[in-house]
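Here's the letter readout for the chains.
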Amino acid sequence: MTPTKRDILSAADLGRGELENLLELAQRTKGKRQSQVLAGRTLGLLFFDRSLRTRVSFEVAATQLGAHCLNIFADREIYDLEQVERAVMDGHAEEHVKDAARTLSRYVDLLGVRKLSRTGSWEEDRAEQLLRSYAKYADVPVVNLESTMEHPCQAIADVMTMQEHLTSLKGRRFTLAWSMNPEPKNMGPCHSVLQLAARLGMEVTLAHPLGFELDKDIVEQASRDAADSGGQVRVVNELEAGVQDAEVVYTRSWGSTRYWSDPEREIMVKRSLQSWIFDEATMARTANALFMHPLPVRRGVGATDAVLDGPRSVIYDQAENRVYAQKALLTHLLG
Amino acid sequence: MTPTKRDILSAADLGRGELENLLELAQRTKGKRQSQVLAGRTLGLLFFDRSLRTRVSFEVAATQLGAHCLNIFADREIYDLEQVERAVMDGHAEEHVKDAARTLSRYVDLLGVRKLSRTGSWEEDRAEQLLRSYAKYADVPVVNLESTMEHPCQAIADVMTMQEHLTSLKGRRFTLAWSMNPEPKNMGPCHSVLQLAARLGMEVTLAHPLGFELDKDIVEQASRDAADSGGQVRVVNELEAGVQDAEVVYTRSWGSTRYWSDPEREIMVKRSLQSWIFDEATMARTANALFMHPLPVRRGVGATDAVLDGPRSVIYDQAENRVYAQKALLTHLLG
Amino acid sequence: MTPTKRDILSAADLGRGELENLLELAQRTKGKRQSQVLAGRTLGLLFFDRSLRTRVSFEVAATQLGAHCLNIFADREIYDLEQVERAVMDGHAEEHVKDAARTLSRYVDLLGVRKLSRTGSWEEDRAEQLLRSYAKYADVPVVNLESTMEHPCQAIADVMTMQEHLTSLKGRRFTLAWSMNPEPKNMGPCHSVLQLAARLGMEVTLAHPLGFELDKDIVEQASRDAADSGGQVRVVNELEAGVQDAEVVYTRSWGSTRYWSDPEREIMVKRSLQSWIFDEATMARTANALFMHPLPVRRGVGATDAVLDGPRSVIYDQAENRVYAQKALLTHLLG
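Fair warning: this is a prediction, and the values are worked out from it, not measured in the lab.

1. Overview of the overall build of chain A
Right, on to step 1. Regarding its fold elements, chain A presents 14 helices and 11 strands.
Right, on to step 2. Its C-alpha atoms give chain A principal-axis dimensions of roughly 55 × 50 × 35 Å.
Right, on to step 3. A total of 335 residues make up chain A; the buried ones form 58% of that total.
Right, on to step 4. In chain A, of all internal contacts separated by at least 6 residues, the share reaching a separation of at least 24 is 81%.

2. Things to note about the relation of the copies chain B and chain A
Right, on to step 1. Its rotation angle being 120°, the transformation that places chain B on chain A also includes 0.0 Å of axial translation and leaves an RMSD of 0.0 Å. Seen this way, the second copy is the image of the first under a three-fold rotation axis.

3. What about the sheet that holds strand β5 (residues 110-115) of chain C?
The pairing of strands in a sheet comes from backbone hydrogen bonds and takes either a parallel or an antiparallel form.
Residues and elements named next belong to chain C.
Right, on to step 1. Strand order in this open sheet of 4 strands is β2-β1-β5-β6, and the pairing throughout is parallel. Every other strand in the sheet has two partners, leaving β2 (68-73) and β6 (142-147) as the edge strands with one partner each. Averaged over all neighbouring strand pairs, the angle between strand axes comes to 15°, with direction disregarded.
Right, on to step 2. Pairing of strand β1 (residues 42-47) with β2, which is carried by 6 bridges, proceeds in the parallel orientation. Residue pairing for β2: L43 is matched across the bridge by C69.
Right, on to step 3. Helix-sheet contacts for helix α6 (residues 129-137) involve β5 and β6, and the interaxial angle to β5 is about 170°.

4. Concerning the interface of chain B and chain A
Right, on to step 1. Counting residues at the interface gives 23 residues for chain B, matched by 23 residues for chain A.
Right, on to step 2. Broken down by element, the residue count for the side of chain B that touches chain A peaks at 7 residues, all from helix α4 (residues 97-107) of chain B.

5. A closer look at the interface of chain A and chain C
When the parts of a complex come together, some accessible area is lost, and that lost area is often taken as the interface size.
Right, on to step 1. Counting residues at the interface gives 23 residues for chain A and 23 residues for chain C.
Right, on to step 2. Among the elements of the structure, β1 (42-47), β2 (68-73), β4 (95-96) and α4 (97-107) of chain A are those that each provide at least two residues to the side of chain A that touches chain C.
Right, on to step 3. Residue classes in the side of chain A that touches chain C are distributed as 9 nonpolar, 6 polar and 8 charged.

6. A short note on helix α1 (residues 16-29) of chain B
Residue and element names in this part refer to chain B.
Right, on to step 1. With 14 residues, α1 extends 20 Å from end C-alpha to end C-alpha; this agrees with the ideal 20 Å at 1.5 Å per step.
Right, on to step 2. Taken residue by residue, α1 has L19, L22, L23 and A26 as its buried positions. For α1, the arc enclosing every buried residue in end-on projection is 95°, short of the 170-degree limit, so these residues lie on one face. Residues of α1 that are exposed and angled more than 90 degrees away from the buried face: G17 and R28.
Right, on to step 3. Against α7 (152-166), α8 (188-199) and α14 (315-334) lie the buried residues of α1.
Right, on to step 4. A positive phi of about 75° marks G31, the residue just after α1.

7. Details of the sheet that holds strand β9 (residues 232-236) of chain C
Residues and elements named next belong to chain C.
Right, on to step 1. Pairing in this open sheet of 5 strands is parallel, and the strands run β9-β8-β7-β10-β11 from one edge to the other. Each edge of the sheet is formed by a strand with only one pairing partner; in this case those strands are β9 and β11 (290-292). Here the average twist between neighbouring strands, direction ignored, is 20°.
Right, on to step 2. In terms of strand pairing, strand β7 (residues 173-178) meets strand β10 (residues 248-252) through 5 bridges, oriented parallel. Bridged to F174 within β10 is V248.
Right, on to step 3. Contacting β8 (203-207) and β9, helix α9 (residues 216-228) runs over the sheet at an angle of about 135° to β9.

8. Observations regarding the pairing of strand β6 (residues 142-147) of chain A
All names here are of chain A.
Right, on to step 1. The buried fraction of β6 amounts to 6 of the 6 residues, a majority that puts the element mostly inside the structure.
Right, on to step 2. Relative to β6, strand β5 (residues 110-115) runs parallel, the two being bridged by 4 bridges. The partner of V113 across the bridge, within β6, is N144.

9. What to know about the environment of M187 of chain C
All names here are of chain C.
Right, on to step 1. Here M187 is to be found in the loop between β7 and α8 (188-199).
Right, on to step 2. Owing to 24 C-beta atoms within 10 Å, M187 belongs among the buried residues under this scheme.
Right, on to step 3. Along the sequence, M187 and L116 sit 71 residues apart, while their C-alpha atoms lie 8.7 Å from each other.
Right, on to step 4. Those residues within four positions of M187 in sequence are excluded, and the remaining contacts are T148, M149, L214, D215, W254 and G255.

10. Structural notes on the packing of helix α2 (residues 53-64) of chain A against α4 of chain B
Right, on to step 1. Taken N-terminus to C-terminus, the directions of α2 of chain A and α4 of chain B make an angle of 15°; their axes are 10 Å apart at the nearest point. The angle between α2 of chain A and α4 of chain B places the two elements in the roughly parallel class. Considering the relative orientation of α2 of chain A and α4 of chain B, their crossing is right-handed. On the side of α2 of chain A, the interface is formed by R53, V56, S57 and V60 of chain A, while α4 of chain B contributes T103, L104 and Y107 of chain B.
Right, on to step 2. Grouping the amino acids of the contact of α2 of chain A with α4 of chain B by side-chain chemistry returns 4 nonpolar, 2 polar and 1 charged.

11. Considering the pairing of β1 of chain A
Residue and element names in this part refer to chain A.
Right, on to step 1. Within β1, 6 of the 6 residues are buried, which leaves the element mostly enclosed by the surrounding structure.
Right, on to step 2. Covered by surrounding structure in β1 are T42, G44 and L46 together with L43, L45 and F47, the residues of both alternating faces.
Right, on to step 3. Between the parallel pair β1 and β2, the chain is carried across by α2, and the sense of this crossover is right-handed.

12. Some words on the domain arrangement of chain A
Residue and element names in this part refer to chain A.
Right, on to step 1. Domain boundaries assigned for chain A yield domain 1 (11-150 + 322-334) and domain 2 (154-318).
Right, on to step 2. Measuring from the centre of the C-alpha atoms in domain 1 to the corresponding centre in domain 2 gives 25 Å.
Right, on to step 3. Of the residues lining the interface, 24 residues belong to domain 1; the matching set on domain 2 comes to 22 residues.
Right, on to step 4. Going through the elements one at a time, α1 (16-29), α5 (122-126), β6 and α14 (315-334) are the ones with two or more residues in the side of domain 1 that touches domain 2.
Right, on to step 5. For the side of domain 1 that touches domain 2, the element with the highest residue contribution is α1, accounting for 6 residues.
Right, on to step 6. In the side of domain 1 that touches domain 2, the residues fall into 12 nonpolar, 4 polar and 8 charged.

13. Considerations on the environment of T29 of chain B
Residue and element names in this part refer to chain B.
Right, on to step 1. On the secondary structure map, T29 appears in helix α1.
Right, on to step 2. Linking T29 and V204, residues 175 residues apart in sequence, is a C-alpha distance of 29 Å.
Right, on to step 3. With residues up to four places along the chain from it excluded, the contact list for T29 reads Q34, Y324, K327 and A328.

14. Observations concerning the packing of helix α7 (residues 152-166) of chain A against α14 of chain A
All names here are of chain A.
Right, on to step 1. Two numbers describe how α7 lies on α14: the axes approach to 8 Å, and their chain directions differ by 110°. One finds that α7 runs roughly perpendicular with respect to α14. Judged by the twist between their axes, the crossing of α7 over α14 is right-handed. From α7, C153, Q154, I156, A157, D158, M160 and T161 reach across to α14, where they touch D317, Q318, N321, R322, Y324, A325, Q326 and L329.
Right, on to step 2. Classifying every residue of the contact of α7 with α14 gives 7 nonpolar, 5 polar and 3 charged.

15. Quick word on the confidence of the model for chain A
Right, on to step 1. Of the residues in chain A, 99% have a pLDDT of 70 or more, and the chain-wide mean is 96.
Right, on to step 2. What the predictor reports for the complex is a pTM of 0.97 with an ipTM of 0.96.

16. Structural notes on α7 of chain B
Residue and element names in this part refer to chain B.
Right, on to step 1. With 15 residues, α7 should reach 21 Å at 1.5 Å per residue; the first-to-last C-alpha distance of 21 Å fits that figure.
Right, on to step 2. Taken residue by residue, α7 has P152, C153, Q154, A155, I156, A157, D158, V159, M160, T161 and M162 as its buried positions.
Right, on to step 3. Looking one or two residues beyond α7, the residue adopting positive phi is T167, at roughly 60°.

17. Let's talk about unusual backbone geometry
Right, on to step 1. Between L295 of chain A and P296 of chain A the backbone carries a cis peptide bond, its omega angle lying at 0°.
Right, on to step 2. Residue placement: P296 of chain A occurs in the loop between β11 (290-292) and α13 (305-308).
Right, on to step 3. For R86 of chain B, which is not glycine, the phi torsion reads 60° and is therefore positive.
Right, on to step 4. If you trace the backbone, R86 of chain B turns up in the loop between β3 (81-82) and β4 (95-96).
Right, on to step 5. The phi dihedral of D245 of chain C falls on the positive side, at around 65°, and the residue is not glycine.
Right, on to step 6. Position of D245 of chain C relative to the elements: it lies in the loop between α10 (239-243) and β10.
Right, on to step 7. Judged by the 12 C-beta atoms lying within 10 Å of it, D245 of chain C falls in the exposed class.

Reading the values: the criteria
- Residues numbered from 1 in each chain as written.
- Chains lettered and ligands numbered in written order.
- Predicted model: local features only at pLDDT ≥ 70, side-chain atom pairs only at ≥ 80, totals over all residues.
- Helix = DSSP H or I, 4+ residues; strand = E, 2+ residues; numbered from the N terminus.
- Buried ≥ 20, exposed ≤ 12 C-beta atoms within 10 Å, placed from the backbone.
- Contact = placed C-beta atoms within 7 Å.
- Least-squares fit on C-alpha atoms with pLDDT ≥ 70 in both.
- Pairing = 2+ DSSP bridges.
- Axes fitted to C-alpha atoms, helices over the stretch in contact; angles between N-to-C directions.
- Nonpolar A, V, L, I, M, F, W, Y, C, P; charged D, E, K, R; others polar.
- Expected span 1.5 Å × (residues − 1).
- Arc of directions from axis to C-beta.
- Parallel < 35°, antiparallel > 145°, perpendicular 65-115°, else oblique.
- Left-handed = near helix turned anticlockwise from the far one by under 90°.
- Right-handed = clockwise from strand over helix to strand, strands pointing away.
- Domains from an automatic or database assignment.
- pLDDT = per-residue confidence, 0-100.

As structure tokens, this is what we get:
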């Protein structure tokens with residue numbers, strides 16, 4: 001009865017052929033009433049951080065497929081979890097993640113985990129111990145609902161949205177650009193969309209201020225993937241140069257791995273980066289690019305109302321496509 | 001595919017014919033197993049304040065109609081929302097209500113919003129900016145799940161309950177009376193039932209202490225509506241005179257618009273108003289009136305156990321009728 | 001329409017024949033897709049404390065039977081409740097439990113209540129006023145989802161798990177042993193499994209440190225029940241003697257009724273009780289006993305990894321059997 005165990009923790013967990021199949025399935029079923037292929041199945045989604053799009057789009061996707069979606073706001077509804085293997089649990093944690101994961105595996109057909117807020121150093125947080133412990137101990141597939149490093153479900157919806165407008169993505173000029181946000185952020189959506197854009201052979205420009213480099217391993221892997229698919233990844237440290245002639249621009253803020261454990265310092269450093277905003281002047285440099293953002297967005301800070309609400313903005317399509325992307329993914333994993 | 005956009009923010013949003021149709025539908029389907037006319041539909045209900053009856057009765061109503069009800073306890077589950085148009089979002093709020101409303105409109109078929117606690121001055125709170133922003137930006141119908149000013153779903157159930165006992169409401173003597181509560185309250189249920197009682201041609205007596213006037217615009221509108229329907233609205237400032245010969249009494253506490261921003265002062269003023277309680281002596285002045293209260297009630301403070309648990313009390317019928325009233329409303333809006 | 005009112009507050013509420021029928025039904029339907037015998041029914045589950053297994057297993061059980069499960073995290077989602085009969089409610093509580101119970105009875109077909117944290121003296125907490133008030137005032141069956149004193153749903157799953165391994169439980173040597181936990185705990189699962197083991201005629205050994213006696217009334221009742229069924233209950237105050245030759249060991253920490261209102265003192269007393277841990281040496285004294293624990297467990301404190309993850313541990317089977325036990329119970333109460 002137990003489905004084959006297959007975790008989706010990173011966008012890189014999706015092979016190129018598998019990704020293309022998912023995208024094709026998502027597009028084909030968009031807006032159609034489907035048969036309830038997951039009737040009798042249950043998803044258990046664990047939220048350790050706030051969520052609007054992920055939580056609602058998963059519940060809608062599951063319900064449309066006939067599955068039951070069980071949401072757990074973990075920090076206040078279940079027990080504090082121990083994550084260290086062989087720990088003597090005489091402290092605050094009442095339950096080991098091992099026991100939570102194994103227990104939940106007896107109840108549900110798939111687990112989702114959202115944990116993205118900073119809790120330690122960059123090296124600690126990039127290891128994503130909580131997410132990876134759930135994946136290690138659960139007997140059922142574990143899906144990343146956004147972590148420090150990745151947000152694969154968002155990225156599938158993002159490339160689906162690009163395909164709706166550009167048909168084939170191969171060789172198209174895609175700029176992934178940092179933008180301002182007063183708050184220290186995670187890397188999730190940006191790492192994941194970078195990997196999928198590279199894997200699909202786009203000409204990727206990564207634009208960010210010095211000190212806001214993405215994870216070195218992720219960028220190197222994306223460069224190799226892009227090369228394999230006939231694309232490339234280049235990095236620039238100016239917004240203007242980064243967006244020049246782009247066909248798609250994708251922006252969001254992300255954190256500085258240098259100042260990860262010192263968010264006050266990161267905030268101070270960012271005071272000089274307020275020009276990293278998508279306004280009409282920035283967009284004018286592009287080749288009439290599609291404008292993308294995974295939301296939530298700080299209006300007037302990361303992008304202006306004119307751009308967000310403008311004719312080339314597809315921000316709500318990205319959000320809507322979460323439903324179709326996730327229905328395809330759930331069908332793929334459990335159907 | 002998107003249903004026609006129709007918001008129910010105020011009891012006044014229901015025309016008289018429409019209201020009568022809703023009441024007829026609610027009464028006709030009460031206690032009957034219905035076909036799942038809303039199968040495949042999703043409601044997204046946003047709670048910014050605590051709720052027992054509204055939350056449970058909506059979830060039951062939706063489920064019985066085949067719809068999926070998605071409850072969001074907004075203050076802790078989603079992001080802090082900016083409400084000001086064209087704000088530069090460099091403060092605490094991570095998402096603009098515009099983006100939350102538009103995103104949710106891609107996922108659900110109807111939005112509900114409950115926001116009733118005091119957050120500003122009377123003029124600010126009576127504007128109900130959060131509720132009205134959702135209505136403005138959402139592409140799907142928005143239903144008020146109780147606000148500072150209104151609680152239309154409660155009021156539909158209330159008049160439905162009166163009709164069960166009195167058949168026609170036209171010309172019947174209805175007293176809406178303030179009663180004691182140590183806590184500063186909103187106006188919601190009282191404004192809404194006042195408007196519907198007036199619209200249905202009842203002889204309305206509004207009884208409250210000086211300083212606890214209901215909103216002037218609402219009372220004036222109700223007076224005009226009552227006149228149009230052959231009824232009237234009169235105001236008295238004594239409980240005894242207010243309930244004299246009433247056929248229905250409806251009580252709840254509400255706030256003072258004078259002391260809205262100074263709840264400590266309001267509490268002090270209320271120390272001399274402890275006689276505003278529904279006890280057997282108060283009820284003896286009525287014409288064996290039905291006793292109504294929208295709950296929750298402070299037993300021994302706003303009404304005595306003898307009255308609340310007495311033979312003329314219909315407080316649980318009001319609560320139960322929420323299910324049927326809301327099934328009728330949902331069918332009307334989405335069916 | 002209202003189902004006959006039948007509350008399950010204590011394991012003792014299940015007669016022996018009824019218990020055997022439930023176990024037989026649970027075992028027979030385990031892992032089978034059942035018809036949706038509770039289609040159209042709604043469960044309302046009130047959680048005043050954290051929950052993993054109870055909440056998820058009930059939601060899964062209900063959903064598999066076609067019922068809708070409505071979870072309420074009561075402390076933050078509904079109003080503060082008054083529990084005292086005839087109280088003048090001029091304090092903090094906004095609603096009387098009487099009104100919450102009666103209102104919910106108009107909406108749902110069964111209520112569950114979980115309230116297990118310490119809030120008063122031992123005498124106060126053992127009276128379980130909140131749970132018993134819901135049972136008193138609700139018109140629908142009330143099921144205990146774990147209280148200070150009892151956890152009947154866990155205990156049904158526990159004896160079901162024993163039966164899977166031992167077939168008949170009559171005359172089998174069952175040791176219920178206290179084990180270490182830094183945190184003051186309730187008595188729930190231990191009281192309930194003690195009663196069911198006794199009722200099914202097991203040879204029960206109750207092992208705990210001096211000062212950690214279980215409730216006198218419960219132990220006396222269990223002794224009488226055991227005697228009626230051909231078994232017995234004996235008490236020892238050493239772990240080694242307690243587990244000697246046991247065929248099943250069941251452990252969990254529980255509180256001290258002596259130090260109930262002084263948890264700091266209880267924690268201090270427990271410093272000398274760290275040898276009350278289930279390790280391989282403890283297990284070697286048993287007759288190759290099954291190892292049971294209701295979870296959550298403090299690994300390395302109440303039991304070692306070697307025991308918890310060892311070949312005789314059935315801790316996840318106990319958790320999984322919650323689903324089948326509760327489906328049987330729900331079918332029994334509402335079907």
